[in-house]
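# Summary of structural features
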Amino acid sequence: MRIAVIGQSLFGQEVYKELRKEGHTVVGVFTIPDKDGKADPLATEAEKDGVPVFKFPRWRVKGQGIPEVVGQYKAVGAELNVLPFCSQFIPMEVIDHPKHGSIIYHPSLLPRHRGASAINWTLIHGDKKGGFTVFWADDGLDTGPILLQRECDVEPDDTVNTIYKRFLFPEGVKGTVDAVKMIAAGTAPRITQPEEGATYECIQKKDNSKIDWNQPAEAIHNWIRGNDKVPGAWAEVDGQKVTFYGSTLVDNGTTANGKPLEIPGASKPGLVTKAGLVLFGNDGKTLLVRNLQFEDGKMINAAQYFSAGASSAVELTEEEKAFAEQMRAVWKSILTNVDEISDSTDFFKSGAASMDVVRLVEEVKLRASDLQLQNEDVYMATTFQEFIQMCVRKLRGEDGEEELVVDYVEKNVNNMTVRIPHQLFVNGEFVDAEGGKTYKSINPTDGQAICEVSLAQIPDVERAVAAAKEAFEEGEWGKMNPRDRGKLMYKLADLMEQHQEELATIESLDSGAVYTLALKTHVGMSIQTFRYFAGWCDKIQGCTIPINQARPNRNLTFTKKEPIGVCGIVIPWNYPLMMLAWKTAACLAAGNTVVLKPAQVTPLTALKFAELAARVGFPKGVINILPGSGALVGQRLSDHPDVRKLGFTGSTEIGKHIMKSCAVSNVKKVSLELGGKSPLIIFSDCDMDKAVRMGMSAVFFNKGENCIAAGRLFVEESVHDTYVQRVVEEVKKMKIGDPLDRSTDHGPQNHKAHLDKLVEFAQTGVGEGARLVCGGRQCDRPGFFFEPTIFTDVQDHMFLAKEESFGPIMIISKFKDGDVDGVLQRANATEYGLASGVFTRDISKALYVSERLQAGTVFVNTYNKTDVAAPFGGFKQSGFGKDLGQEALNEYLKTKAVTIEY
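A brief structural summary. (Residues numbered from 1 in each chain as written. Predicted model: local features only at pLDDT ≥ 70, side-chain atom pairs only at ≥ 80, totals over all residues. Heavy atoms only, no water.)

Under the counting rule described, the total for this entry stands at 52 salt bridges. Between K845 and D685 there is a salt bridge, with the nearest N and O atoms lying 3.4 Å from each other. Here K845 is found in helix α27 (residues 843-852), whereas its partner D685 is found in the loop between β30 (678-682) and α22 (688-700), with 160 residues between them in sequence. Looking at D685, the relative accessible area reads 24%, which means it is partly exposed. Here the residues in one salt-bridge network are E22, R150, D178 and K181, joined through shared partners. (Salt bridge = Lys/Arg side-chain N within 4 Å of Asp/Glu carboxyl O. Helix = DSSP H or I, 4+ residues; strand = E, 2+ residues; numbered from the N terminus. Buried < 20%, exposed > 50% of the residue type's maximum accessible area, 1.4 Å probe, protein only.)

Structure representation (structure tokens):
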């Protein structure tokens, strides 16, 4: 069709482009005159294509069409007028002139919110549904018959800008073009608008957008967001007009700490907090405003209200001066009406508009790839000097963002002072749990409390998931280059290494891990894991696939590996930091964001990790740590519709429950590392010294609190007694004691409930007739110590042979000499399949056995030899999915196939 596009703005530009792509002929573009020497984007695009462009200041005078203007319009011979966004009054003789008439895009679900401020009023009224209408123009105000409507959910914190960018702009362009398709096909309906439910509201302007404080918090919130960004809701504060942006409804707990700010007419003073400005409705409920703008156009973070302008200017280096001159040239190219860009030149007072902000941000990226500005940054530094100072501070890492506030618990221990965070970590901040709930984290060495830890509640989970979702979908993390993501992970590994003694000490205090083991394995392997996956960030790639061609055309099919989104991770208490690293490193390398629940009994290294991640510059919301109960926090993560992947390490029983919840909620992707009863087979032809040494490690490593611990040893009959004698001798040499003592071999069990379970486990073994060779009792000392224990004569039907102790209990059964297949049958007679081992000098036997053992990992003449590059995970009821190695990345990625015909 021959189409006249009447309108303006980027929206009009995109509609114009799409109409041309669809094969329509745009015979003329009718838009507004240039402003400050700059053409409207629609005009610029059309002129580039050689399409006639008309820039009439007005179409009519005193209600009558201007003859020469109408004449020029009629001369283009349009069959349809498309008005994607038009701020001018168009005469009816123009509206009705084309063969197919005129259609108009309107950003509301008509007949609701007729008028020019439809989006504003959708939000001000707190509508749960929004959308747009394409209607046939008539002589009324947005009253013509409806051609097409599409709706969307209105999010609680949507602003005019967010709902426009998310739905009204992209879907509106598609909808307008679809309407034209329907007209061309002769299928376009004309549905008379009902009068029931019709509303018309006034145009929102600055003078009528003043905040009425005598309302509930939700109504004030809706007013602020409904005027954000244009025209801006304002109030008198300290004798000047202040405009409020970035409103969010919050719980009253947010008001814990802040400096009062008197606001005339408000039910009570606002509070300037580290999160922003907390405001109160007349119902006592609260909202949070993040940004404020003063009458001179300067915008600040609301949290900095009392310190705005306090920072002194930084002196530029020669390199920074060169950058400043590049940016001066950029400002001059944007502000073409300004003769000279001085330090005091104000970007907006010189005529810059929102599109110029977008351009400026992109120009900065071209000249300093490490500098990721947001549009808000430009609004907060409006003069050239302020802009350069802001850029330089950001490049130096001194951008004035509020310093991370950590309420440490300090302990003088292990010849150092350890500083332990103890609050939840949500959206880049350490915060108290909902309602201030806490619990005690216990030191298993003496049974005494280390500190009070915030206990996450359901609202905390909601906030953490929302922060993670925003960081993934809207934040810097989702836009970051993979290589830059890798740099950040390398920096985190380096900082963890700098703090490795502190981390190991906290791990020993909280979990009872022997310090030397914590230093080497708990912390050391965590650092290695982050370095390993940091290297993978820019190597995640798809492939091209040959498919049958659609002759005479051709096809190209390729795959892309994409991050999943918000991932929930639930980890156990045996290796608190290492289990975090195994899952989180792969998750982050793939580009996801994470909400992690550490074990309730061992939360402290996870919180210290959060602090280190924040200090190296991980964006807010990417990492969130929620100490809390599995029944509450873990369950909500499993059920949450915005969590798209859940990684869990723990018991098989809980794993089954999580899998069911993940399926019922939103069929989220799941990886499970569950229980084990790993068999270790020792043949008579083994290296006995090595088999004894490695067998001890297989059972007693990390106090037996080891998911791949050898849950049952099968020893060939001819060497059985010798082997038992040797391991008993070794056990008697083990020093039980304070895990911070460098000579200690065996520390306390993780927590009291687990200790009690081990005592009961040993008593059951004795009761069933297994022979207790040594140990089997709680140590007679403070804390949760359990003696290293050895049982022999364990028969296949016994409880000890079937169930996992997850403690320092060696369970030995003998098998007949030469009965390889028999012992394999017994070793595989379990529903678990996490790990296994075999000791023999016969390589043929080793390979035969390793092929037939039903386990995700088989160790031959070694044990516990895990590495960050080797995949780790189980078979059968030990779960599915892999940690570590390249395969772990697949747990946090989705594959998209793209097919192109050409």
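Next, the rest of the story.
Another aspect to go through is the sheet that holds strand β40 (residues 893-901). Pairing in this open sheet of three strands is antiparallel, and the strands run β23-β24-β40 from one edge to the other. A single partner strand is all that each edge strand has here, and the edge strands are β23 (544-545) and β40. Direction of pairing for β23 relative to strand β24 (residues 555-563): antiparallel, over a ladder of two bridges. Looking at the pairing, I545 lines up with T557 of β24. (Pairing = 2+ DSSP bridges.)

Moving on to a nonpolar patch on the surface. On the surface, a nonpolar cluster with roughly 280 Å² of combined accessible area is contributed by L556, I900 and Y902. Since its relative accessible area comes to 36%, I900 is described here as partly exposed. (Patch = residues over 30% accessible without salt bridge, like charges linked within 9 Å, V, L, I, M, F, W, Y side chains within 5 Å. Areas by Shrake-Rupley, 256 points an atom, 1.4 Å probe, with all protein chains shown as cover.)

For the rest of this paragraph, the subject is the sheet that holds strand β6 (residues 80-83). Pairing between the strands of a sheet comes from backbone hydrogen bonds, and it takes one of two forms, parallel or antiparallel. Reading across from one edge, β3-β2-β1-β6-β7-β8-β9 is the order of the seven strands in this open sheet, with mixed pairing throughout. Because the sheet does not close on itself, it has two edges, and the strands there are β3 (53-55) and β9 (146-153). Between one strand and the next, the sheet's axes are offset by a mean angle of 15°, whatever the strand orientation. Bridge count between β6 and strand β7 (residues 102-106): three bridges; the pairing is parallel. By the bridge assignment, L83 is partnered in β7 with I104. Set on the sheet, helix α2 (residues 41-49) makes contact with β1 (2-6), β2 (25-31) and β3; between it and β3 the angle comes to about 150°. (Axes fitted to C-alpha atoms, helices over the stretch in contact; angles between N-to-C directions. Contact = heavy atoms within 4.5 Å.)

What follows concerns the pairing of β24. Across nine bridges, the pairing between β24 and β40 is antiparallel. Each bridged residue has a counterpart across the sheet, and for L556 the counterpart in β40 is I900.

Let's shift gears to empty space enclosed by the protein. According to the stated counting rule, one finds five cavities of 30 Å³ or more in the structure shown. As a volume, the largest cavity reaches approximately 90 Å³. Together, 14 residues line the largest cavity, and A709, G711, E804, S805 and F806 are the ones closest to its centre. Taken together, the residues that form the lining of the largest cavity break down as six nonpolar, six polar and two charged. (1 Å grid on protein atoms, 1.4 Å probe; cavity = no way out; pocket = protein on both sides within 12 Å on 5 of 7 lines; lining within 4 Å. Points joined across faces, edges and corners; volume = space filled by probe spheres on them. Nonpolar A, V, L, I, M, F, W, Y, C, P; charged D, E, K, R; others polar.)

Let us look at helix α21 (residues 652-666). Its 15 residues give α21 an end-to-end C-alpha distance of 21 Å, which sits within 8% of 21 Å, the value for a rise of 1.5 Å per residue. Those residues of α21 lying buried are T652, G655, I658, S661, C662 and N666. (Expected span 1.5 Å × (residues − 1).)

M489, F530, F533, F618 and L713 are the most contacted members of the largest nonpolar core, which totals 112 residues. Per-element accounting of this core gives the leading share, 11 residues, to helix α18 (residues 576-589). With residues up to four places along the chain from it excluded, the contact list for F618 reads W477, L488, M489, L492, L588, A613 and I623. Listed in part, the 33 residues of the second largest apolar core include L19, V51, I103 and L123. (Core = buried A, V, L, I, M, F, W, Y, C linked by side-chain atoms within 4.5 Å.)

Together, E155, D157, E470, E473 and E474 make up a negatively charged patch on the protein surface. Topologically, E473 is positioned in helix α13 (residues 458-473). Look at E473 and you get partly exposed, because its relative accessible area is 49%. (Lys, Arg positive; Asp, Glu negative; His and termini not counted. Charge placed at Lys NZ, Arg CZ, Asp CG, Glu CD.)

Turning next to unusual backbone geometry. Between L110 and the following residue, P111, the backbone shows a cis peptide bond with an omega angle of 15°. Mapped onto the secondary structure, P111 falls in the loop between β7 and α5 (118-124). Cis rather than trans, the peptide bond between D228 and K229 has omega equal to 15°. You will see that N861, though not glycine, has its phi angle at about 60°, which is positive. Relative to the assigned elements, N861 resides in the loop between β37 (857-860) and β38 (875-876).

Between its terminal C-alpha atoms helix α1 (residues 9-21) stretches 19 Å, which fits the 18 Å expected from 13 residues at 1.5 Å a residue. Residues of α1 that are buried include every one of S9, F11, G12, Q13, V15, Y16 and L19, and no others. The residue sitting at the N-terminus of α1 and contributing the capping side-chain oxygen is S9; that oxygen lies 3.2 Å from the backbone nitrogen of F11. Following α1 by one or two positions, G23 adopts a phi angle in the positive range, close to 95°. (Polar contact = N/O pair within 3.5 Å; in protein donor to acceptor, adjacent residues only side chain to side chain.)

Another aspect to go through is the environment of D842. One can find D842 in the loop between β36 (835-839) and α27. As a C-alpha pair, D842 and P264 span 578 residues in sequence and 87 Å in three-dimensional space.

With that out of the way, let us pick up the layout of surface pockets. By volume, the second largest pocket is sized at about 950 Å³. In terms of residue count, the dominant contributor to the lining of the second largest pocket is α21 (six residues). Along the lines of polarity and charge, the residues of the lining of the second largest pocket split into 15 nonpolar, 17 polar and six charged.

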